[in-house]
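Structural overview for review
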Amino acid sequence: MTHRAGRSSAAAWGVTGWVSGVLVLLVALPLVAGSRLPDRLATHWDADSGRPDSSMPLWAASLFPALIWTVAAVTVALVWRRAGHTSSGGAGGWAGATLGFGGVMLLGGQASVVRANLDHADWREADSVTGYVVVTLVAAAVVGGLALLASRRTPVVAPAADRPTMGQRGRCRARSSPHKYLERMPSKVKRYVKK
């Protein structure tokens, strides 16, 4: 296995683990805390008052973010594949930043929704999520930026076996020396070139 193939394989496993882990957590967070949550969860808050103004049943609040994550991950995978899936910069950096930012945003949002609804009898009594959303947005931006920087961290260099060694470089120069071309010239032309 070449160095580049090994790196690409490791990146693919890392992305698969991240996408799967986020998906499991998005579904599990509300279900695990289900006994301490109301039947309907507050899922939207008024920007002015900070009070909840919309709700979803527990199962929908669990599956809706997971559906958004699945669609986002599949879209990123398709774009990455179409772009030629290089592990250094370009599409790889974009894909990592998108998945990092999106995963943290959805997980932070889901955790905020669960925390705001925890130990309340009705969704209208849910706490505000403004502070948690700000922290989530900052954390998501940091993770997305780090993913982008990590993709540009090291240039992809051909492994030593694929690069010519000093001896091979010397032979390449010898093969392409001007004397080689002089030997192929007709004798009349050689007279004028050697003078």
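The structure we're discussing is the one just above.
Because the structure is predicted, anything quoted here is derived from the model rather than measured. Position labels on residues start from 1 in each chain and follow its written sequence. In keeping with the predicted nature of the model, local features appear solely for residues at pLDDT of at least 70, side-chain atom pairs appear and are counted solely at 80 or more, and the whole-chain, interface and lining totals rest on all residues. Hydrogen atoms and water are omitted, and side-chain values are computed over all heavy atoms in the structure.

In this section: the overall build of the protein chain. Secondary structure elements follow DSSP: runs of H or I of four or more residues count as helices, runs of E of two or more count as strands, with numbering from the N terminus. Across its full length, the protein chain carries seven helices and two strands. Starting at the N terminus, the α and β elements of the protein chain follow one another as α-β-β-α-α-α-α-α-α. Burial statistics for the protein chain: of 195 residues in total, 26% are counted as buried. Whether two residues are in contact is decided by their heavy atoms, any of which lying within 4.5 Å being enough. Looking at the protein chain alone, contacts between residues at least 24 apart form 69% of all its contacts between residues at least 6 apart. When the accessible surface of the protein chain is totalled, it reaches about 12600 Å², and 66% of it is carbon and sulfur. The classification of residues rests on relative accessible area computed with a 1.4 Å probe and restricted to protein chains. Under 20% of the type maximum is buried, over 50% is exposed, and intermediate values are partly exposed. The protein chains shown are the only cover counted for residues, whose accessible areas, like all others here, come from Shrake-Rupley with a 1.4 Å probe.

Attention now goes to the pairing of strand E1 (residues 40-45). Note on pairing: DSSP must find at least two bridges between two strands before they are called paired. Alignment of E1 against strand E2 (residues 52-57), held across five bridges, turns out to be antiparallel. Bridging from a neighbouring strand, Leu41 pairs with Met56 of E2. If you look at the hairpin formed by E1 and E2, you'll find six residues sitting between the two strands, and Gly50 has a positive phi there, around 75 degrees.

So, about a nonpolar patch on the surface. Here a patch means residues that are over 30% exposed by relative accessible area and free of salt bridges, tied together within 9 Å if like-charged and within 5 Å if nonpolar (Val, Leu, Ile, Met, Phe, Trp, Tyr). In what follows, salt bridge is the name for a side-chain nitrogen of Lys or Arg lying within 4 Å of a carboxyl oxygen of Asp or Glu. Judged by side-chain polarity, Val134, Val138, Val142, Leu146 and Leu149 come together as a nonpolar surface patch covering roughly 480 Å² of accessible area. Within the element layout of this structure, Leu146 appears in helix H4 (residues 130-151). Here Leu146 falls in the exposed class, since its relative accessible area comes to 52%.

This part takes up the nonpolar core. Across soluble globular proteins, you tend to see nonpolar side chains buried next to one another. In this description, a nonpolar core means a group of buried Ala, Val, Leu, Ile, Met, Phe, Trp, Tyr and Cys residues linked to one another through side-chain atoms lying within 4.5 Å. In terms of nonpolar packing, the biggest core is built from 13 residues, with Leu37, Leu41, Ala42 and Trp45 touching the most fellow members. Put simply, the parts of the chain that give this core at least two residues each are E1, helix H2 (58-82) and helix H3 (90-117). Apart from residues no more than four positions distant in its own chain, Ala42 is found in contact with Pro52, Ser54, Ser55, Val113, Asn117, Trp123 and Ala126. By size, the runner-up hydrophobic cluster in this structure holds nine residues, among which are Leu26, Ala73, Val76 and Leu107.

Moving on, we get to the pattern of salt bridges. Scanning the entire structure with this criterion turns up three salt bridges. Between Asp122 and Arg124 there is a salt bridge, with the nearest N and O atoms lying 2.9 Å from each other. Of the residues examined, Asp122 reaches a relative accessible area of 25% and is grouped as partly exposed.

Let's shift gears to the environment of Thr130. Note on placement: Thr130 falls in helix H4. At a separation of 3.2 Å, a polar atom in the side chain of Thr130 contacts the side chain of Ser128. We call two N or O atoms a polar contact when they sit within 3.5 Å, provided that within protein one can donate a hydrogen and the other can accept it, with sequence-adjacent residues counted only if both atoms are side-chain atoms.

Time to look at unusual backbone geometry. At Asp119, a position not held by glycine, the phi torsion is positive, near 60 degrees. Tracing the backbone through its elements, the reader meets Asp119 in the loop between H3 and H4. Judged by its relative accessible area of 53%, Asp119 is exposed.

On to the side chain of Ser55, then. On the secondary structure map, Ser55 appears in strand E2. A relative accessible area of 15% places Ser55 in the buried class. One polar contact links Ser55 to Arg40, side chain to side chain, over a distance of 3.0 Å. With sequence-adjacent residues up to four places away left out, Ser55 is seen in contact with Arg40, Leu41, Ala42, Thr43 and Trp123.

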